[in-house]
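# Structural overview
So the chains spell out like this:
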Amino acid sequence: MVDYHSTNNQSAGGAQTYMEQENDWDRDLLLDPAWEKQQRKTFTAWCNSHLRKAGTQIENIEEDFRDGLKLMLLLEVISGERLPKPERGKMRVHKINNVNKALDFIASKGVKLVSIGAEEIVDGNAKMTLGMIWTIILRFAIQDISVEETSAKEGLLLWCQRKTAPYKNVNVQNFHISWKDGLAFNALIHRHRPDLIDYDSLRKDDPVTNLNNAFEVAEKHLDIPKMLDAEDIVNTARPDEKAIMTYVSSFYHAFSGAQKAETAANRICKVLAVNQENEQMMEDYEKLASDLLEWIRRTIPWLENRTQEKTVKDLQAKQEDFRDYRTVHKPPKVQEKCQLEISFNTLQTKLRLSNRPAFMPSEGRMVSDINTAWHTLEGAEKGYEEWILSEIRRLERLEHLAEKFHQKAAIHESWTDGKEAMLTQKDYETSTLSEVKALLRKHEAFESDLAAHQDRVEQIAAIAQELNELDYYDAASVNARCQKICEQWDILGSLTHSRKESLERTEKQLESIDELYLEYAKRAAPFNNWMEGAMEDLQDMFIVHNIEEIQGLISAHEQFKSTLPEANKEREAIQAIQAEVQRIAQSNGIKLSGANPYTTITPQSIDSKWEKAMTMVPQRDCALQDELNKQNSNDSLRATFAAQANSVGAYIQAKMEEIGRISIEMNGTLEDQLTNLKDYQKTIMSYMPEINKLEGHHQQIQEALIFDNQYTSYTMEHLRVGWEQLLTTIARTINEVENQILTRDAKGISQEQLFEYRASFNHFDKDHSGGLKAEEFKACLISLGYDVENDKQGDGEFNRIMGIVDPNSSGFVTFQAFIDFMSRETTDTDTADQVIASFKILAGDKNFITADELRRELPPDQAEYCIARMAPYAGPDGVPGALDYMSFSTALYGESDL
């Protein structure tokens, strides 16, 4: 039997809220005779099941309660409380007063009576009397039913569904047609007392037999009176819901002892499920952190490798590998790092909400350790990129200088070829006076040519020195060639001086010289040298980085072309000297002995070199124009990149400011905020094509070897960091709202409370920093009614609270810490003592529990979880295989080691 004398007296406000939800019972349904008959019989039986405890009963429900005496007696029996003394008079006024005392007592329990007056009960109004009895049943038999955070009707329905779930042909969805075939009643009895019912023998097509079987077993063995009539239920299209609920509630209270065990098992399952989920999240965090740190450890040495390459092509291959790292390999790791922080924050929030100790990752795997390693990675990444660009410039310069060196060296070696043999010959010893004089003049011309070549030798040496300073990979061969040229040049200088001395010794013997030959030689030699220098300049390679540099080269080339008419006049003048020699010889009948004795430069070689130089001029024009077009194209690439970079940079800056405002000014429910933030995140991610477009422009810039951009202050690295920071910020904001939802759902905080907390927090967050300083937090607490004024007691209380919300003494309180504190202050959480009490119920009040008891009461996986982790019980009252559930429970909450 149900002991209604132990019924809890809930607060009037909470009870009234429930009764207001249930007081809309449709009294018009009582006009249906079938339903009224069912209610009359059920309510009468229910009342008698309690009145018999006082040694009385009723026969007619609307007649026997008219004087109020049995009504007051019924309320005393089911509530366990004393009502005011009834009036024993027979007059109408006495009856009305007694009924009013009963109705006042019902109202004092938070029940709102709608349209039910004492006069109607006294007059025997069946409709109002049944409504009153239903209200009493709701308050004292159904309201206090609680199953997994649901109560009253919903709790009773959930209890029925859970208990009948394993049974075939039973599907409880309501309190009317789901019970017509009688199988649900039999399933409830069989679930708790399988020895009373042979469930497999029941047939769904025989509802009357099923119903009568359940009613008779309940009355005989469970002391539950028969409140329903099988034929009435079967013959009614929709049995009366209130009659069914009243009768089913008797089963609930009859099996309440078993319900306590189920509740205890559910609590343990819930606690164990939380612990298992937290352990899995810890394992996932450790693995993800280890993998990310290992990737960083492997990547940093690659980024710090400064092995020099020999050619620009080899270094560009490294640059392509680095671009693949930036665009392919690194982005997933950025996402993993963000997910790692989110997982860590979510885990810590769940641990706080479940009253578990905070998670401390393995040494070296803290979020701060990962951030430090990531910072080191990005530093190495930046250094590696700068080194690659610097190496490309250095190798380009080296290749240009090496080509220039070998070109000049080849020209010089071509010029010096045979000069030593010429300077060491003794031809002047057997020559005539005129021939000697000619040899002397020839030597003077050679000295002039030699002096002109001094600059080229110095240029060759300077280029070789620069190649050595820039660490050219083939510097050894360059040095060897340069050394050979310098040594040969010294030999030529010494031989030249020796030959000059020899010729000067014989000069006194020379009296005449052909001035025309001499003049030709003197003018032809510098002109020939000028032409060689001009051809060398026309063939000279160039490297420029902007339009201004190529325009400077074009200007210099145009200036050179302007000197060509004057040079052509000099060429014609030199050729005129040779023509004059021929004219004089022919006119005087002189037979020339051969070539000009003062020079090897012939008129034909001058004309040949002139024609060759004239063909090089338009070729140089084309080369310079091609380079100008290239620099114009590069400038266009700079402008295109700058326009996109300026747009992306402004977008990132605007979104960073906007997400800062959103995180402070969020309105609506947390679910609305979360939905809006995720929509906002999708909006931001939809901008990704613009980032990819910018990456494409950046790749074109690098492929074009462009190293500066005067059109924008943004760099690709700066924008990448800004974009990654924007994605991380919106992800963290979403995670904060998700953690607030977890806090609200776990602690039972209402949406209005969260809004109040957010409004109070934002009000005192004057600088919109997302946190409160100590004084701001104190003002916030005072506004919420906490006694933390500036006195000894108030300071002590404030220091206690600060120890909770700011355990690291940073002087800064975050909104999440504020929510955790307020939820802890206003709600209850599972504790180690509660879990111990639940285990004690399952153990039958013993100080230990056995493996069989755990397997019987808990799901298989959680039972095995407990068995594997519980220490053997060492108490004197233990039995073989006894397990210590007390130490296990305290370990779950960090109060001892598991």
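Residues numbered from 1 in each chain as written. Predicted model: local features only at pLDDT ≥ 70, side-chain atom pairs only at ≥ 80, totals over all residues. Heavy atoms only, no water.

The protein chain is annotated in an unreviewed UniProt entry as Actinin alpha 4 of Poecilia mexicana.

## Quick word on the overall build of the protein chain
When you go through the protein chain residue by residue, the secondary structure sums to 33 helices and 6 strands. Classification of the 898 residues of the protein chain by burial places 46% in the buried group. Accessible area for the protein chain stands at about 44100 Å²; split by element, carbon and sulfur atoms hold 50% of it. (Helix = DSSP H or I, 4+ residues; strand = E, 2+ residues; numbered from the N terminus. Buried < 20%, exposed > 50% of the residue type's maximum accessible area, 1.4 Å probe, protein only. Areas by Shrake-Rupley, 256 points an atom, 1.4 Å probe, with all protein chains shown as cover.)

## Here's the deal with the packing of helix α14 (residues 312–353) against helix α15 (residues 367–416)
Closest axis-to-axis distance for the α14/α15 pair is 11 Å, and the angle between their directions is 165°. Considered as vectors, α14 and α15 are oriented roughly antiparallel to each other. Two packed elements cross with a definite hand, and for α14 against α15 that hand is left-handed. Counted by class, the contact of α14 with α15 contains 17 nonpolar, 2 polar and 12 charged residues. (Axes fitted to C-alpha atoms, helices over the stretch in contact; angles between N-to-C directions. Parallel < 35°, antiparallel > 145°, perpendicular 65-115°, else oblique. Left-handed = near helix turned anticlockwise from the far one by under 90°. Nonpolar A, V, L, I, M, F, W, Y, C, P; charged D, E, K, R; others polar.)

## Quick word on the nonpolar core
Soluble globular proteins tend to pack their nonpolar side chains together in the buried interior. In terms of nonpolar packing, the biggest core is built from 76 residues, with I136, W179, F185 and F251 touching the most fellow members. For I136, the residues in contact, after removing those within four places along its chain, are W46, L71, L75, I78, I106 and A141. (Core = buried A, V, L, I, M, F, W, Y, C linked by side-chain atoms within 4.5 Å. Contact = heavy atoms within 4.5 Å.)

## Remarks on the side chain of R326
Take R326: it is sitting in helix α14. Only 2.5 Å separates the side chain of R326 from the side chain of E717, close enough to count as a polar contact. Dropping the residues within four chain positions of it, R326 is found in contact with P331, E381, E385, E717 and R720. (Polar contact = N/O pair within 3.5 Å; in protein donor to acceptor, adjacent residues only side chain to side chain.)

## Here's the deal with the pattern of salt bridges
Pairing between side chains of opposite charge can happen when their charged atoms approach one another. Per the counting criterion, the structure on display carries 48 salt bridges. Salt-bridge contacts for R869 lead to E279; the nearest nitrogen and oxygen are separated by 3.8 Å. Note that R869 is positioned in helix α32 (residues 860–869) and E279 in helix α13 (residues 256–304), a separation of 590 residues in sequence. Its relative accessible area of 24% is what places E279 among the partly exposed residues. In this structure, E857 and R856 form a salt bridge, with 3.6 Å as the shortest nitrogen-oxygen distance. We classify R856 as exposed; its relative accessible area is 56%. Here the salt bridges share partners, and the residues they tie into one network are R326, K330, E378, E381, E385, E695, E717 and R720. (Salt bridge = Lys/Arg side-chain N within 4 Å of Asp/Glu carboxyl O.)

## Observations concerning the state of the cysteines
Per the stated rule, a full pass over the model turns up 0 disulfides. Cysteine C482 shares no disulfide, and the gap to the nearest cysteine sulfur, in C486, comes to 4.1 Å. (Disulfide = S-S within 2.5 Å.)

## A look at the environment of A243
For A243, the location among the structural elements is in helix α12 (residues 241–254). Residue A243 is classed as buried on the basis of its relative accessible area of 0%. For the pair A243 and Q39, spaced 204 residues apart in sequence, the C-alpha separation works out to 5.3 Å. Beyond its immediate sequence surroundings of up to four residues, A243 is in contact with Q38, T42 and L228.

## So, unusual backbone geometry
Although it is not a glycine, D223 sits at a positive phi angle of roughly 60°. Take D223: it is sitting in the loop between α10 (207–221) and α11 (230–235). Its identity is not glycine, yet D845 carries a phi of approximately 70°, on the positive side. Its location among the elements puts D845 in the loop between α30 (832–842) and α31 (851–857).

## Re the packing of helix α2 (residues 33–51) against α12
In the contact formed by α2 and α12, the axes pass within 9 Å of each other and the chain directions differ by 25°. Here α12 runs roughly parallel to α2, going by the angle between their axes. Considering the relative orientation of α2 and α12, their crossing is left-handed. Contacts between α2 and α12 involve Q38, Q39, T42, F43 and W46 from the first element and K242, A243, T246 and S250 from the second. For the contact of α2 with α12, the per-class residue count stands at 3 nonpolar, 5 polar and 1 charged.

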